[in-house]
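Here's the letter readout for the chains.
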Amino acid sequence: MKTAQTCKNKNYLQYIHLTSPRTNEKRSLLRAFLVGGLICCIGQGIRYGLEFGFGLKGDELSSYVSMIMIFLGALLTGLGVYDRIGKFAGGGSIVPITGFANSVVSPAMEFKTEGYIYGLAAKMFIVAGPIIVFGIASSVLVGVIYYVIYLFV
């Protein structure tokens, strides 16, 4: 016994299947791989430049590379370039550090007309907020576990 809702859903899915554009999966995967790899190569190049050009090492080197990549991701988002990279590369543009910078800057730019507090500051963490909260909560939990282990060992 079919209900009217089931028939509507089936018709709708059939319509979507017929009208939606076909994607070339191999081309999309290749673009994502190449652009994601290029972003990582740029980060590695910055790392080598800082390591051999300025003599940075360890945590200091990692911190500078992270800051530069976040700055570049935010700058390219602000200039509108990162959106074009995302349209071309798809998932390849979501390389963790630059993609994270993009996900923070994009909503902030979109809602800046609503003012600094309700627009820019409140909307900046719409996408990245849960990630930041989960990261902080999990780091606190791991810290507490290490502290407890340190006390009893």
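Residues numbered from 1 in each chain as written. Predicted model: local features only at pLDDT ≥ 70, side-chain atom pairs only at ≥ 80, totals over all residues. Heavy atoms only, no water.

Trainee: Provide a residue-level description of the overall build of the protein chain, including the pertinent values.
Mentor: Scanning the protein chain from terminus to terminus reveals seven helices and zero strands. When its helices and strands are written in sequence order, the protein chain yields α-α-α-α-α-α-α. Whereas a compact globule of 153 residues would reach a radius of gyration of roughly 15 Å, the protein chain reaches 22 Å, over 25% beyond that. Structurally, the protein chain occupies a C-alpha span of about 70 × 45 × 40 Å along its principal axes. Relative to its 153 residues, the protein chain shows a buried fraction of 20%. Put simply, 51% of the contacts in the protein chain that link residues at least 6 apart link residues at least 24 apart. Working note: accessible area of the protein chain is about 11700 Å², and carbon and sulfur atoms make up 70% of it. Each charge sign in the protein chain was given a centre, from 13 positive and 7 negative side chains, and these centres are 18 Å apart. (Helix = DSSP H or I, 4+ residues; strand = E, 2+ residues; numbered from the N terminus. Rg over C-alpha atoms; globule rule 2.2 N^0.38 Å. Buried < 20%, exposed > 50% of the residue type's maximum accessible area, 1.4 Å probe, protein only. Contact = heavy atoms within 4.5 Å. Areas by Shrake-Rupley, 256 points an atom, 1.4 Å probe, with all protein chains shown as cover. Lys, Arg positive; Asp, Glu negative; His and termini not counted. Charge placed at Lys NZ, Arg CZ, Asp CG, Glu CD.)

Trainee: Describe helix α2 (residues 25–54), and please don't skip the residues or the numbers.
Mentor: Side chains of residues three or four places apart in an α-helix project in the same direction, reflecting 3.6 residues per turn. In a regular helix each residue adds 1.5 Å, so 30 residues correspond to 44 Å; α2 covers 42 Å between its end C-alpha atoms and thus fits that length. The set of residues buried in α2 consists of Ala32, Val35, Gly36, Ile39, Gly43, Ile46 and Leu50. Directly after α2, the chain includes Gly55, whose backbone phi takes a positive value near 75°. (Expected span 1.5 Å × (residues − 1).)

Trainee: Account for the packing of α2 against helix α3 (residues 58–78), with residues named and values stated.
Mentor: Two elements in contact, α2 and α3, have axes whose closest approach is 10 Å; the angle formed by their N-to-C orientations is 135°. With respect to their mutual orientation, α2 and α3 come out oblique. Considering only the axes of α2 and α3, their crossing is right-handed. Of α3, the residues touching α2 (which contributes Ile39, Ile42, Gly43, Ile46, Arg47, Leu50 and Glu51) are Leu61, Ser62, Tyr64, Val65, Ile68, Met69 and Leu72. (Axes fitted to C-alpha atoms, helices over the stretch in contact; angles between N-to-C directions. Parallel < 35°, antiparallel > 145°, perpendicular 65-115°, else oblique. Left-handed = near helix turned anticlockwise from the far one by under 90°.)

Trainee: An account of the packing of α3 against helix α4 (residues 81–89) is needed here, citing residue identities and associated values.
Mentor: Taken N-terminus to C-terminus, the directions of α3 and α4 make an angle of 95°; their axes are 5 Å apart at the nearest point. Comparing their axes, α4 and α3 come out roughly perpendicular. For the pair α3 and α4, contact is made by Gly73, Leu76 and Thr77 and by Val81, Tyr82 and Ile85, respectively. The class makeup of the residues in the contact of α3 with α4 is four nonpolar, two polar and no charged. (Nonpolar A, V, L, I, M, F, W, Y, C, P; charged D, E, K, R; others polar.)

Trainee: Tell me about the side chain of Asn102, and name the residues and values.
Mentor: Looking at the element boundaries, Asn102 is found in helix α5 (residues 96–110). Looking at Asn102, its side chain comes within polar contact range of the side chain of Thr77, at 2.8 Å. The contacts of Asn102, once residues within four sequence positions are left out, are Thr77, Tyr82, Asp83 and Pro107. (Polar contact = N/O pair within 3.5 Å; in protein donor to acceptor, adjacent residues only side chain to side chain.)

Trainee: How would you summarise α3 if you had to cite specific residues and measurements?
Mentor: For α3, which comprises 21 residues, the first-to-last C-alpha distance of 30 Å matches the rise-based estimate of 30 Å (1.5 Å per residue) to within 8%. Along α3, the residues that are buried comprise Leu61, Val65, Met69, Gly73 and Thr77. For α3, the angular spread of the buried residues around the axis is 135°, confining them to a single face. α3 presents Asp59 and Phe71 as exposed residues on the side facing more than 90 degrees away from its buried surface. Elements in contact with the buried residues of α3: α2, α4 and α5. Following α3 by one or two positions, Gly80 adopts a phi angle in the positive range, close to 85°. (Arc of directions from axis to C-beta.)

These figures capture arrangement, not role.
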